Structures are given as structure tokens and as C-alpha cells.
Amino acid sequence: MSVSLYCLSKSQKSSDRNLKKRRSLCLVSILTLSLVACTPTPPSPSSVAETPQSTNTLTIWWDKGFTLEEDEALRALVAQWEKQNGSSIALSFYTTDELPQKAQRAIQAGKPPDILMSNNAERVLNPRLAWQGKLVDVSDVIEPVKSLYPKTVLQGVFLYNNVEKKRSYYAVPLHQAATHLFYWRDIIALAGYSEKDIPQDWDAFWQFWQRVPDKLPNQKIYGIGLPMSAKAGDTYQAFEQVLEAYNVQILDDRGQLQVDQPHVRQGIIDCLKWYTQFYTQGYVPPEAVKWLNPDNNRSLLNRTILITSNSSLSIPAAVRQDKDLYLNKLGTIEFPNKPNGKPMRHIISVRQAVIIADSPNQAIAKEFLTYLIKPEVAGNYLKASGGRNLPILRSVWQDPFWRDPRDPHISMVAKTLNQGQTRLYAYVENPSYSGVLEENLWGKAIARIVVEKIPPEQAADEAIARIQQIFQKWR
């Protein structure tokens with residue numbers, strides 16, 4: 001979920017800008033033709049309007065793409081829907097960090113968008129809005145195509161409404177992502193290793209990345225790029241995967257909080273110790289305590305760290321136009337086996353769009369989302385977006401684009417999502433958990449240890465106390 005920057009020489013930048021312009025025009029044309037098979041019309045620019053000017057204008061707020069292709073693909077899709085439907089759309093893009101807070105303020109002021117699509121909102125906002133009765137039930141959008149969705153994906157949008165005392169579909173799933181690890185294949189080759197040398201045993205895996213920089217005497221690089229900041233969502237995403245690795249369950253099988261159990265408390269302490277040891281031992285760059293969401297991407301792409309985690313393919317997408325970097329130098333890998341030797345269960349995010357209950361255009365909003373999730377529309381949109389996010393509809397997965405073994409990044413994540421063991425974030429079992437993620441309590445605990453030098457036991461107890469307060473508030 002991070003915006004990526006990629007350092008190039010001036011000549012490369014000039015060449016890339018020209019290439020991107022030509023490629024962007026092609027992408028828009030291809031998407032237009034594949035959606036409606038008619039002469040394309042110029043895509044309308046992103047509107048700066050924040051509220052509907054009339055009930056004939058559908059207002060959509062969307063995460064700003066991490067690449068130029070993403071925004072252009074959505075603009076082209078919107079333009080075609082406007083042409084077919086005869087309605088107009090005011091489309092606005094906002095950064096991933098900005099959008100959930102902006103949406104909350106707009107809802108409180110009674111001036112929300114009709115449709116909201118935010119990657120962060122999926123975990124930190126939508127469960128709460130559904131709980132509060134502030135989202136529209138979109139079952140009539142999902143039911144006609146329900147059989148096309150995997151069960152896990154549907155669970156991710158089957159949320160609880162505490163006002164109406166029911167669970168239902170309060171979000172429309174659009175695409176999905178899973179946290180993976182990204183690293184430099186060419187740098188480990190310089191150290192005398194290959195991908196076959198990367199262990200799958202948990203401890204040996206992480207020791208490998210600690211060891212590689214020692215084999216590069218003429219190159220300063222940190223082996224492990226795990227985020228340590230309380231301000232980066234990447235921190236809690238990575239730590240959640242570590243909790244899964246050590247089988248630490250914050251909720252029991254009924255979705256009830258169990259942090260008061262001694263074995264759960266000890267598990268949190270052990271995971272905090274494990275996670276922060278890389279920083280205290282000097283394997284993580286000092287600035288990781290200040291990272292925002294884009295910064296682990298930047299650090300990897302600027303080759304100051306050897307490996308980092310990310311919950312989408314934004315890192316490969318940033319270098320997709322450089323075939324050598326994309327196909328040969330950059331690598332994508334799953335997390336290793338758990339410490340107990342069993343295969344890792346990867347945590348997935350279901351990216352979703354919601355209709356705000358105060359929307360004056362609910363009917364037309366449902367029409368747009370119904371159009372957006374048509375397999376041919378969704379598939380072409382995700383491809384035109386550069387493949388950063390992965391499909392969820394079974395029929396879309398059949399497209400060779402997502403199954404090409406020659407693509408080392410998409411094929412790896414596709415394998416995880418289609419063949420591996422996965423689970424959703426705990427907010428699906430209990431919406432109170434979205435408050436834990438929203439406050440980034442794991443990031444705060446990690447920062448307390450590495451910056452303020454408090455013991456892991458104290459950091460764990462502080463986090464547990466705050467989690468209990470959050471859950472009490474949601475009763």
C-alpha cells in the first residue's frame with residue numbers, strides 16, 4: 001500500500017516519460033475498446049468536487065493510484081460508463097493515508113461521497129461504518145454474481161450492522177492482495193547466492209538476509225527492511241503476519257477477545273521481541289522508525305535495503321517498464337514456513353467499494369458498481385491498471401495474464417491466493433478489531449521498544465490495555 005519512487009538518471013527519466021505517455025495512451029484505448037467495442041472518447045479529468053452538485057451526478061472518492069496507469073484505467077472506465085448510462089460522475093483521487101480521514105469528516109458533516117473506495121478503509125473504516133449503520137446494504141449487487149466469488153472474499157464484505165442487528169453485504173469486493181516479501185535477486189547473486197539458496201525454515205530464512213550484506217564489502221545495504229514506525233500501516237501489516245507465524249490468536253474461535261489469557265500475552269511479547277531484534281541489532285536502517293507508508297518501497301527501490309514486505313504488487317509495478325529490473329533483478333517471495341514447520345497462512349486484504357448511507361444517489365451508485373464487477377470489465381480494468389492488484393472473480397483468473405509463469409511477481413501472488421492457505425484480518429470476526437488497526441497499536445508498541453527503549457513486556461501490556469478499551473467501547 002505504498003507509493004513507490006524509483007531513482008533514474010536524467011536521460012532515463014526523459015526516456016521513461018515519453019514511453020509512459022505512449023503507453024498510457026495505448027492502455028486507455030485498449031481498455032475502452034475491450035469494454036464497449038466502440039470509438040473511445042477522451043477520459044474526463046478527475047474532479048475536485050467533494051459533494052454531489054445534483055442527484056444526477058455520482059460522486060466517487062477513490063484511492064490515488066501508485067502508478068499513472070491505475071488512475072488512467074479508472075478514468076477510462078468511468079468515461080465509458082457515463083457514455084453508456086447517460087449519467088455523470090465526479091471522480092476524485094486522494095492518497096491512501098488521506099482518504100479514510102477525509103471520508104470520516106465528510107460523513108460527520110453530512111456531505112459524503114456516494115461511493116468510497118479506499119484500501120485503508122477496508123480494514124480501519126468500513127467495519128465501523130457498517131456497525132454504525134452508515135453503509136448501504138449492497139446484497140442486490142452481489143447476489144447475481146455471488147457464485148463467482150471465493151467464500152473467503154465474501155466473508156470479507158459480510159459485515160455487522162449494529163443498528164439493524166444483522167450481518168449482510170455492506171461492501172462490494174473489487175480486488176485482493178496478500179502480504180509478500182520483495183528482494184533484490186541480483187544483489188544476492190553478487191554475494192554468491194541464488195534463489196535456491198533461500199531457506200524455507202523460519203529462523204534460517206531470516207538469518208540468510210542478515211548474512212548476505214556481509215558478503216558485499218563494497219556495497220552498504222541493510223539486510224532487512226521491516227517497518228518500525230507507528231505512522232506506517234505497513235508496520236502493523238507485517239506484524240500481523242508475524243503473529244500468524246507464531247499462531248498468536250488475539251480473538252478466539254467465536255471472535256471474542258482473549259488477550260487476558262497468559263499464553264496470548266506471552267505470544268505478543270515474544271513476537272515483539274522477535275520483530276524488534278533486527279532493529280536493535282543493526283540489520284534495519286535507523287530511519288525505519290520514521291517511515292511513512294511509501295518509505296519501505298523507496299528504500300528497496302533505491303537499493304538501501306535487501307528485502308521488505310508489502311501488501312500489494314506496488315513495488316514490481318514501479319519498475320514494470322524496465323524489463324531487466326522487473327523480470328531479472330527484482331524478486332517476489334512468500335513468507336517462509338512457520339517456526340513450527342507448517343506452511344504459512346497468508347493474510348489477505350479484500351479491496352472494496354462502499355455506498356454511504358447518506359448518499360442521494362444510491363440507485364445509480366449500485367448501477368455503477370454492478371457494471372464495475374462484471375468479469376470482462378473488472379478483468380480489463382485490473383490489467384490496464386498494471387497488475388498491481390489481483391482479481392477475485394474466478395472467471396477473471398482464467399485470463400493467461402494472471403497465470404503467466406514468466407512473470408515472477410504476479411505468478412507468485414496468484415499461487416498464494418489460489419493454492420495457498422489464507423485468512424482475512426480479524427476485523428471480519430469482530431469489527432472492534434478495526435480500531436486496533438486504525439490506531440496502529442502494533443506499530444506504536446514496536447516504536448516504543450526501539451525508540452523509547454521500553455521493555456517488550458511493558459509495550460505488550462500497554463497494547464493489551466488499549467485493545468481492551470477499544471473492545472469495551474464497541475460493545
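Visitor: Can you walk me through the pattern of salt bridges in this structure?
Guide: Pairing is possible between side chains of opposite charge, provided their charged atoms come close. For the coordinates displayed, the defined rule picks out 25 salt bridges. Here Arg 345 makes a salt bridge to Glu 244, at a shortest N to O gap of 3.1 Å. Placement of Arg 345 in strand β10 (residues 345–355) and of Glu 244 in helix α10 (residues 233–245) is noted, with a sequence separation of 101 residues between them. The partly exposed category is assigned to Arg 345, whose relative accessible area is 29%. We classify Glu 244 as buried; its relative accessible area is 5%.

Visitor: Explanation requested: the environment of Arg 123 in the structure shown.
Guide: Note on placement: Arg 123 falls in helix α4 (residues 121–124). For the pair Arg 123 and Ala 426, spaced 303 residues apart in sequence, the C-alpha separation works out to 9.2 Å. Within the structure, Arg 123 has its side chain in polar contact with the side chain of Tyr 236 (distance 2.9 Å). At 2.9 Å, the side chain of Arg 123 and the side chain of Ser 349 are in polar contact.

Visitor: What should I look at first to understand the layout of surface pockets in this one?
Guide: Remark: the empty space left among the atoms is shown by a probe the size of a water molecule rolled over them. Put simply, the second largest pocket is a space of about 450 Å³. Taken together, 22 residues line the second largest pocket, and the ones lying closest to its centre are Gln 249, Arg 345, Arg 423, Leu 424 and Glu 429. Secondary structure elements with two or more residues in the lining of the second largest pocket: α7 (151–155), α10 and β11 (421–424). Taken together, the residues of the lining of the second largest pocket sort by class into nine nonpolar, five polar and eight charged.

Visitor: Please explain empty space enclosed by the protein as it appears in this structure.
Guide: Summed over the entire model, instances satisfying the criterion amount to four cavities of 30 Å³ or more. Here the largest cavity is characterised by a volume of approximately 140 Å³. What lines the largest cavity is a set of 16 residues, among which Trp 62, Glu 70, Tyr 381, Arg 388 and Asn 389 lie closest to the centre. Breaking the lining of the largest cavity down by element, the ones donating at least two residues are β1 (57–63), α2 (68–85) and α16 (375–384). Considering every element that reaches the lining of the largest cavity, the biggest residue donor is α2, with three residues. Classifying every residue of the lining of the largest cavity by side-chain character gives six nonpolar, five polar and five charged. Computed from the structure, the second largest cavity encloses a volume of approximately 40 Å³.

Visitor: Hey, could you run me through the sheet that holds strand β7 (residues 180–184) in this one?
Guide: Read from one edge of the open sheet, three strands run β8-β7-β9, paired in antiparallel fashion. Edge positions in the sheet fall to β8 (307–310) and β9 (330–333), since each of these pairs with one other strand and no more. Each strand axis lies, on average, 30° off the axis of its neighbour in the sheet, ignoring direction.

Visitor: In this structure, what is going on with the packing of aromatic side chains? I would like to understand it.
Guide: Two aromatic rings are characterised by how far apart their centres lie and by the angle between their planes. A complete count under the given rule lists 21 aromatic pairs for this structure. Measuring from centroid to centroid gives 5.3 Å for Trp 81 and Phe 368, while their planes differ by 90°, and the two rings are edge-to-face. One end of the pair, Trp 81, is in helix α2; the other, Phe 368, is in helix α15 (residues 362–372), and 287 residues separate them in sequence. Judged by relative accessible area, Phe 368 falls into the buried class, the value being 0%. In this structure, Lys 220 packs its charged tip against the face of Tyr 222, placed 4.7 Å from the ring centre. Between the NZ or CZ atom of Arg 388 and the centre of the ring of Phe 66, over which it lies, the distance is 3.7 Å.

Cut-offs and rules
Residues numbered from 1 in each chain as written. Predicted model: local features only at pLDDT ≥ 70, side-chain atom pairs only at ≥ 80, totals over all residues. Heavy atoms only, no water. Salt bridge = Lys/Arg side-chain N within 4 Å of Asp/Glu carboxyl O. Helix = DSSP H or I, 4+ residues; strand = E, 2+ residues; numbered from the N terminus. Buried < 20%, exposed > 50% of the residue type's maximum accessible area, 1.4 Å probe, protein only. Polar contact = N/O pair within 3.5 Å; in protein donor to acceptor, adjacent residues only side chain to side chain. 1 Å grid on protein atoms, 1.4 Å probe; cavity = no way out; pocket = protein on both sides within 12 Å on 5 of 7 lines; lining within 4 Å. Points joined across faces, edges and corners; volume = space filled by probe spheres on them. Nonpolar A, V, L, I, M, F, W, Y, C, P; charged D, E, K, R; others polar. Pairing = 2+ DSSP bridges. Axes fitted to C-alpha atoms, helices over the stretch in contact; angles between N-to-C directions. Phe/Tyr/Trp six-rings, centres within 6.5 Å; stacked < 30°, edge-to-face > 60°. Lys NZ or Arg CZ within 6 Å of the ring centre and 35° of its normal.

Such coordinate-based values are descriptive only and should not be taken to indicate function.
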